Amino acid sequence: MPDMPAFPLLRAAELLRAGELVAFPTETVYGLGADASNPAAVAKIFAAKGRPADHPLIVHLPDPGHLDAWAREIPDTARQLAAAFWPGPLTLILKRQPSVPDAVTGGQDTVGLRVPGHQLALALLANFGGGIAAPSANKFGRISPTTAEHVREELGESVFVLDGGPCPVGIESTILDLSGDELAILRPGSITPEAISKVLGRPVAVATRASAPRVSGSLEAHYAPRTPVDLVSSDGLIFAVRAALARQMPIAVLSSQAQPLSHELLTWRQAPALPAPFAQELYATLRSLDGLGVARIVIQQPPAGEAWAAVNDRLRRAAAGAGAEQA
Ligand code: TXA
Ligand code: MG
């Protein structure tokens, strides 16, 4: 492309205006962005990811002032939550404006919107001046990227990547559906139901999968390494490790416990004891353990409870989808 600015941010904005794709950092994971008002540009996202065309995309906005250009019949609760959590890892599902391309919404009457909490993303959005449609910058069904290097591993060198270093949150945004009568969390994230309830002064439900069929992040097999993943209790961990080693199986373990034995077939990765750092490292760790060529990845299940809900959700999906080649 001729006459592209050399400065990465300006070049990225220029590429978006030209209908091209740009990968960029957010506080959660790297996104693969396109001009959300340009259906031909949005179509390139689905092609690059190998993602089914009926899966809707999140539109990233420069600031909450853009809400009305994309959504209609916006309830007060949405404005309250936007004021409380944006810029930040909360996606609001709202009724869409008729102008929002079907390519973005998968033909649904709703649209997912968020203002990301990352300086480089906000600078790109401000320069671009409009909505950027962006799913996570990975191949469909695979582990989301949290560094620029991961994006290149997933999508190759042909996609322009704005490098903002490792993503500080590390797992995808909380998705809250405000388009119906009942508020429902469609995907757990670092913003918990408790934090949302606190702002609104009333409880929110966490939707079951059956009521959220159009959220691709809700597919059971998702965020998955190629290596089979076993989720085991802390009590079952040492038994699982010994059983694998007795069968001469090379394994990798992710556990908050200290390494109890050393063995040439055993790779031990100590996991953070708190949910935020666990989430921040999770995808990079899965990616690196997946690259070891071990027979299985054994993960000690973190505690139950709301603070760990988003991490446990991603681990369950990683275990469900691992080992299978997915579409
Ligand atoms: O943190 C994030 O949300 C990251 C960064 C890049 O912003 N993005 C992300 O995008 O995770 P993606 O496409 O991998 O996941 C977005 C989820 C999908 O599961 C999609 O189905 C859901 O949002 N979604 C988007 N629009 C929707 C809508 N109108 N109704 C229901 N779900 C929607
Ligand atoms: Mg994704």
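Located above this text is the structure these notes cover.
Here is what the cut-offs are and how they apply
Residues numbered from 1 in each chain as written. Chains lettered and ligands numbered in written order. Predicted model: local features only at pLDDT ≥ 70, side-chain atom pairs only at ≥ 80, totals over all residues. Heavy atoms only, no water. Axes fitted to C-alpha atoms, helices over the stretch in contact; angles between N-to-C directions. Helix = DSSP H or I, 4+ residues; strand = E, 2+ residues; numbered from the N terminus. Parallel < 35°, antiparallel > 145°, perpendicular 65-115°, else oblique. Left-handed = near helix turned anticlockwise from the far one by under 90°. Contact = heavy atoms within 4.5 Å. Core = buried A, V, L, I, M, F, W, Y, C linked by side-chain atoms within 4.5 Å. Buried < 20%, exposed > 50% of the residue type's maximum accessible area, 1.4 Å probe, protein only. Pairing = 2+ DSSP bridges. Arc of directions from axis to C-beta.

**Some words on the packing of helix 10 (residues 275-290) against helix 11 (residues 309-321)**
Turning to step 1, where the next piece is worked out: Helix 11 packs onto helix 10 with a crossing angle of 25 degrees between their chain directions and a minimal axis gap of 10 Å. As far as their axial angle goes, helix 11 and helix 10 are roughly parallel. By crossing handedness, the relation of helix 10 to helix 11 is classed as left-handed. Contact residues: helix 10 offers Pro275, Phe278, Ala279, Leu282, Tyr283 and Leu286, while helix 11 offers Val311, Arg314, Leu315 and Ala318.

**Regarding the nonpolar core**
Turning to step 1, where the next piece is worked out: Leu32, Leu81, Leu90, Leu92, Leu113, Leu176 and Ile196 are the most contacted members of the largest nonpolar core, which totals 48 residues.
Turning to step 2, where the next piece is worked out: Looking at this core, the elements that each hand over two or more residues are strand 2 (31-35), helix 2 (39-49), helix 3 (67-70), helix 4 (76-85), strand 4 (90-95), strand 5 (110-114), helix 7 (148-155) and helix 8 (193-200).
Turning to step 3, where the next piece is worked out: Sorting elements by how many residues they give to this core places helix 2 first, with five residues.
Turning to step 4, where the next piece is worked out: Contacts of Leu90, omitting those with residues within four sequence positions, involve Leu81, Phe85, Leu113, Arg114, Ser173, Thr174, Leu176, Ile191 and Ile196.
Turning to step 5, where the next piece is worked out: By size, the runner-up hydrophobic cluster in this structure holds 24 residues, among which are Ile171, Tyr223, Val229 and Ala318.

**Observations concerning the sheet that holds strand 6 (residues 132-133)**
Turning to step 1, where the next piece is worked out: Read from one edge of the open sheet, 10 strands run 7-1-2-6-3-5-4-8-9-10, paired in mixed fashion. Each edge of the sheet is formed by a strand with only one pairing partner; in this case those strands are strand 7 (160-161) and strand 10 (205-206).
Turning to step 2, where the next piece is worked out: Pairing geometry for strand 1 (residues 22-24) and strand 7, over two bridges, is parallel. If you follow Ala23 over to strand 7, its bridge partner there is Val161.

**Side note on the side chain of Thr146**
Turning to step 1, where the next piece is worked out: One can find Thr146 in the loop between strand 6 and helix 7.
Turning to step 2, where the next piece is worked out: Those residues in contact with Thr146, other than ones at most four positions away along the chain, are Thr28, Val29, Tyr30, Gly165, Pro166, Cys167, Gly170, Tyr283 and Ala284.

**Quick notes on unusual backbone geometry**
Turning to step 1, where the next piece is worked out: Following Trp86, the chain continues into Pro87 via a peptide bond in cis, with omega recorded as -10 degrees.
Turning to step 2, where the next piece is worked out: You can see Pro87 is positioned in the loop between helix 4 and strand 4.
Turning to step 3, where the next piece is worked out: Positive phi values are uncommon outside glycine, yet Glu73 reaches one of about 50 degrees.
Turning to step 4, where the next piece is worked out: The class for Glu73 is exposed, based on a relative accessible area of 56%.
Turning to step 5, where the next piece is worked out: Of note, Gln248 is a non-glycine position whose phi angle comes to about 60 degrees, a positive value.
Turning to step 6, where the next piece is worked out: You can see Gln248 is positioned in the loop between helix 9 (234-246) and strand 12 (251-255).

**With respect to helix 7**
Turning to step 1, where the next piece is worked out: Regarding helix 7, the residues found buried are Ala148, His150, Val151, Glu154 and Leu155. Projection of helix 7 onto a plane perpendicular to its axis shows the buried side chains occupying an angular sector of 155 degrees, all on one side.
Turning to step 2, where the next piece is worked out: Looking at the buried side of helix 7, the elements it contacts are strand 1, strand 2, helix 2, strand 7 and helix 10.

**Regarding the sheet that holds strand 14 (residues 296-300)**
Turning to step 1, where the next piece is worked out: What the four strands build is an open sheet, ordered 11-14-12-13; its pairing is parallel. Each of the sheet's edge strands pairs with one partner strand only, and the pair in question is strand 11 (229-232) and strand 13 (266-270). Between one strand and the next, the sheet's axes are offset by a mean angle of 20 degrees, whatever the strand orientation.
Turning to step 2, where the next piece is worked out: Of the pairings in the sheet, the one linking strand 11 to strand 14 comprises four bridges and is parallel in character. Across the sheet, residue Val229 finds its bridge partner in strand 14, namely Ile297.
Turning to step 3, where the next piece is worked out: Sitting on the sheet, helix 9 is in contact with strand 11, strand 12, strand 13 and strand 14, with an inclination near 170 degrees to strand 12.
Turning to step 4, where the next piece is worked out: Its contacts with the sheet put helix 11 on strand 11 and strand 14, and the angle it makes with strand 11 is roughly 135 degrees.

**Considering the pairing of strand 2**
Here is the key point about a regular strand: its side chains alternate between the two faces of the sheet.
Turning to step 1, where the next piece is worked out: A large share of strand 2 lies buried, amounting to five of its five residues.
Turning to step 2, where the next piece is worked out: Two strands pair when backbone bridges link them, and strand 1 and strand 2 are joined in this way by three bridges, in the antiparallel orientation. In the strand pairing of strand 2, Phe24 is matched with Gly31.
Turning to step 3, where the next piece is worked out: Here strand 1 folds back onto strand 2 in antiparallel fashion, the turn holding six residues.
Turning to step 4, where the next piece is worked out: Of the pairings in the sheet, the one linking strand 2 to strand 6 comprises two bridges and is antiparallel in character. What sits directly across from Ala34, in strand 6, is Ala133.

The analysis is restricted to geometry; functional conclusions fall outside its scope.
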